[in-house]
Amino acid sequence: MVPTTKNKKAQSKSQKSGTIMLQLQKFVQKDYLLKIVFDPHYLWPVCLILLIFETILNIFIIQCVKYTEIDWIAYMQEVEGFLNGTLDYKDLKGDTGPLVYPAGFVYIYTILYYLTSKGTNILLAQYIFLGFYLIQTYLVQRIFRKTMKLPPYALIITTLTSYRIHSIFILRLFNDPVAVLLFYISLNLFIDNKWLLGSIFYSLAVSVKMNILLYAPCLLLAYLTNLSYVDTFINLFICGVIQLVLGFPFLYGNPVSYLKGSFDLGRVFEHKWTVNYRFLSREIFENKLFHIGLLVLHVSLLLLFLPHLKKYLSSYAKLNMVTGELRLQIIREKTEAERQSKEEEKKMTKSQRAFVRSFEKQLKDSGRVKEESETVKIEDKLSKIVQLFVLPFFVANLIGVACARSLHYQFYSWYFHSLPYLVFCTEYNVPLKFLLLALIEYCWNVYPSTDFSSALLHCCHIVLLFGVYKNMRK
């Protein structure tokens, strides 16, 4: 009996439902669940779930937790000065003091000024920063998925215990998260070998806040090891030109005032806000010799790590070139195989082609053909070389944070997202890794900071740096 169209549709529907059931059964199997929790290769389902969770959690925080005003009104006052025609940086001020950020900050917060009804619509501003937070979360997760270094459970735990970072983004509206977001865009672009575009976003990040310069030594090394001298010059030129273009109105108005205000390396922070040097007296904290000593320590640590940073980035450059050629070869082989398959199909009769396709589909539905092709497996393994590129950037930034003359609470956003990765780049046992993360989170949540919390933060930084250095040497 010839099957009717209705019967064919019913049969097709039955096959689809059977396929769905097989897939659902796979997701609830013990082995698969264990892989989702422990195997870095299965990080994407956890990232997706966490991204949805973060969206819901942050909406709940915005709606239920009271907003705390710190710098937002001052930002808006500084922007109003610019919009009123003031181009001399020393005359751009807010309630918290003079403007101390580069020109990119002024333009971005000008946009926010107009979007939020001259800064009065705080709720809308919070939702905009929620968007910033989710984009940055996705970008960081993308790096973790590419490096396949971090086990899923580590990402789950750090997300669930990150109280301070949520506060910095959506309850304080600081400019630090904006700068860090732009940096992570640039880092993703560098990983994708889009150097010129990455340099543009890196320079934009610097134009929002100067702390992004902590990555500069590593970026220069990355240019020199991955690009030719000509391409290195071009990328550095782009970074410089962007700063000049963005700062031109203020450089024209008063160049000394702009450079001193936005890139003041000698700025003295207030002792009452420090997170990392509460145990020092105000006299020592504000002493110039102390600041010079920290600068010397910073440079010394960079020099200590330099051979290993260079080795990592040089190895990445070589492997990236080899794997790029291998990917092209895989694509060519796959294209050739598909061409031959189509030629063979042409030689078959219509009924033979239908039989072959039906048989292949049955094999896939029954699970006897692996869903993941060999090409995907190879790509999966090759992507691990990204570890060689990412770690040097995170290390350079950690050194800068550890040697900072003062850390304020919003500065936690500078390195929070890199901490889980750095911890898993040590050879410490798992309990010690999570103890380090917990202690650092504790130090940033003590308000106001105490002698103990600030000293403990330094101890954590030292232990983390030592662990990473020891592992990189091996």
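Note that the coordinates shown come from a computational prediction; the quantities given were computed from them, not determined experimentally. (Residues numbered from 1 in each chain as written. Predicted model: local features only at pLDDT ≥ 70, side-chain atom pairs only at ≥ 80, totals over all residues. Heavy atoms only, no water.)

Some remarks on the overall build of the chain
Then comes step 1: A tally of helices and strands in the chain yields 21 helices and 2 strands.
Then comes step 2: Burial analysis of the chain (474 residues in total) assigns 47% to the buried set.
Then comes step 3: For the chain, long-range pairs separated by at least 24 residues make up 78% of all intrachain contacts whose partners lie at least 6 apart in sequence.
Then comes step 4: Of the roughly 24900 Å² of accessible surface on the chain, a fraction of 66% belongs to carbon and sulfur atoms. (Helix = DSSP H or I, 4+ residues; strand = E, 2+ residues; numbered from the N terminus. Buried < 20%, exposed > 50% of the residue type's maximum accessible area, 1.4 Å probe, protein only. Contact = heavy atoms within 4.5 Å. Areas by Shrake-Rupley, 256 points an atom, 1.4 Å probe, with all protein chains shown as cover.)

Brief notes about the packing of helix α3 (residues 43–64) against helix α6 (residues 122–147)
Then comes step 1: Running from N to C, α3 and α6 point in directions that differ by 165°, and their axes come no closer than 10 Å. Considering their axes alone, α3 and α6 lie roughly antiparallel with respect to each other. For the element pair α3 and α6, the recorded crossing hand is right-handed. Judged by residue contacts, Leu43, Trp44, Cys47, Leu50, Leu51, Glu54, Thr55, Asn58, Ile59, Ile62 and Gln63 of α3 engage Leu123, Gln126, Tyr127, Leu130, Tyr133, Leu134, Thr137, Tyr138, Gln141, Phe144 and Arg145 from α6.
Then comes step 2: Here the contact of α3 with α6 is composed, by residue class, of 14 nonpolar, 6 polar and 2 charged. (Axes fitted to C-alpha atoms, helices over the stretch in contact; angles between N-to-C directions. Parallel < 35°, antiparallel > 145°, perpendicular 65-115°, else oblique. Left-handed = near helix turned anticlockwise from the far one by under 90°. Nonpolar A, V, L, I, M, F, W, Y, C, P; charged D, E, K, R; others polar.)

Structural notes on helix α18 (residues 387–402)
Then comes step 1: Across its 16 residues, α18 extends 22 Å between first and last C-alpha, which sits within 8% of the 22 Å expected from 1.5 Å per residue.
Then comes step 2: Counting buried positions along α18 yields 15 of 16 residues, so the element is predominantly enclosed. (Expected span 1.5 Å × (residues − 1).)

Comments concerning the packing of aromatic side chains
Then comes step 1: Following the criterion strictly, the structure yields 44 aromatic pairs and no others.
Then comes step 2: Residues Tyr153 and Phe434 carry aromatic rings whose centres are separated by 5.9 Å and whose planes lie at 35° to one another, so their mutual orientation is tilted. A residue pair is termed long-range when its members are at least 10 positions apart, and Tyr153 in helix α7 (residues 152–160) and Phe434 in helix α20 (residues 430–445) qualify at 281 residues.
Then comes step 3: Take Phe434: its relative accessible area is 16%, and that puts it in the buried class. (Phe/Tyr/Trp six-rings, centres within 6.5 Å; stacked < 30°, edge-to-face > 60°.)

Some remarks on a nonpolar patch on the surface
Then comes step 1: A contiguous nonpolar patch, built from Leu196, Val230, Phe233, Ile234 and Phe237 and spanning about 520 Å² of accessible area, is present on the exposed surface.
Then comes step 2: Take the nonpolar patch: its biggest share by element is 4 residues, from helix α12 (residues 229–253).
Then comes step 3: Within the secondary structure, Phe237 sits in helix α12. (Patch = residues over 30% accessible without salt bridge, like charges linked within 9 Å, V, L, I, M, F, W, Y side chains within 5 Å. Salt bridge = Lys/Arg side-chain N within 4 Å of Asp/Glu carboxyl O.)

Structural notes on the packing of helix α10 (residues 195–208) against helix α11 (residues 216–226)
Then comes step 1: The N-to-C vectors of α10 and α11 enclose an angle of 165°; their axes lie 13 Å apart at closest approach. It follows from the interaxial angle that α10 and α11 lie roughly antiparallel. Of the two possible hands of crossing, α10 and α11 adopt the one that is left-handed. Within the contact between the two elements, α10 uses Trp195, Ser199 and Tyr202 and α11 uses Ala216, Leu219, Ala222, Tyr223 and Asn226.

Structural notes on the pattern of salt bridges
Then comes step 1: On inspection of all chains with the given rule, the structure shows 6 salt bridges.
Then comes step 2: Of the charged contacts in the structure, one is a salt bridge between Arg142 and Asp192, with a shortest N-O distance of 2.9 Å. Separated by 50 residues along the polypeptide, Arg142 in helix α6 and Asp192 in the loop between α9 (176–191) and α10 bring together distant segments of the chain.
Then comes step 3: Residue Arg142 is classed as buried on the basis of its relative accessible area, which comes to 18%.
Then comes step 4: Looking at Asp192, the relative accessible area reads 29%, which means it is partly exposed.
Then comes step 5: Among the salt bridges present, the one from Lys209 reaches Asp176, with a minimum N-O distance of 2.7 Å. Of the two residues, Lys209 sits in the loop between α10 and α11 while Asp176 sits in helix α9, which places them 33 residues apart along the sequence.

Notes on helix α4 (residues 72–83)
Side chains of residues three or four places apart in an α-helix project in the same direction, reflecting 3.6 residues per turn.
Then comes step 1: With 12 residues, α4 extends 16 Å between its outermost C-alpha atoms, agreeing within 8% with the 16 Å of an ideal straight helix rising 1.5 Å per residue.
Then comes step 2: Gly85, located one to two residues past α4, shows a positive phi value of around 105°.

Structural notes on the nonpolar core
Then comes step 1: By size, the foremost hydrophobic cluster in this structure holds 135 residues, and its most contacted members are Trp72, Tyr109, Phe389 and Trp444.
Then comes step 2: The residues contacting Phe389, other than those within four sequence positions of it, are Leu187, Phe190, Ile191, Trp195, Ala222, Asn226, Leu313 and Tyr316. (Core = buried A, V, L, I, M, F, W, Y, C linked by side-chain atoms within 4.5 Å.)

Things to note about the environment of Ser413
Then comes step 1: Tracing the backbone shows Ser413 in the loop between α18 and α19 (419–423).
Then comes step 2: Between the alpha carbons of Ser413 and Leu181 there is a distance of 9.7 Å; along the sequence they are 232 residues apart.
Then comes step 3: Among residues more than four places away in sequence, those in contact with Ser413 are Ile165, Ile168, Asp176, Pro177 and Val180.
Then comes step 4: Within the structure, the side chain of Ser413 is placed 2.8 Å from the backbone oxygen of Gln410, a separation counted as a polar contact. (Polar contact = N/O pair within 3.5 Å; in protein donor to acceptor, adjacent residues only side chain to side chain.)

Points about the environment of Ile385
Then comes step 1: Mapped onto the elements of the fold, Ile385 is located in the loop between α17 (374–382) and α18.
Then comes step 2: A residue is classified by how much of its surface remains accessible, and Ile385, at 13% relative accessible area, is buried.
Then comes step 3: Distance in space between the C-alpha atoms of Ile385 and Thr147 is 7.1 Å, their sequence separation being 238 residues.

Concerning the state of the cysteines
Then comes step 1: Across all of its chains, the model carries 0 disulfides by this definition.
Then comes step 2: Free cysteine: Cys460, not disulfide-bonded; nearest cysteine sulfur from Cys443 at 5.1 Å. (Disulfide = S-S within 2.5 Å.)

A word on the environment of His308
Then comes step 1: Turning to its location among the elements, His308 is positioned in helix α15 (residues 288–347).
Then comes step 2: Given the relative accessible area of 15%, His308 is considered buried.
Then comes step 3: Spatially, the C-alpha atoms of His308 and Met472 are 6.4 Å apart, while their sequence positions differ by 164 residues.
Then comes step 4: Not counting the four nearest positions on each side in its chain, His308 is found in contact with Tyr469, Met472 and Arg473.

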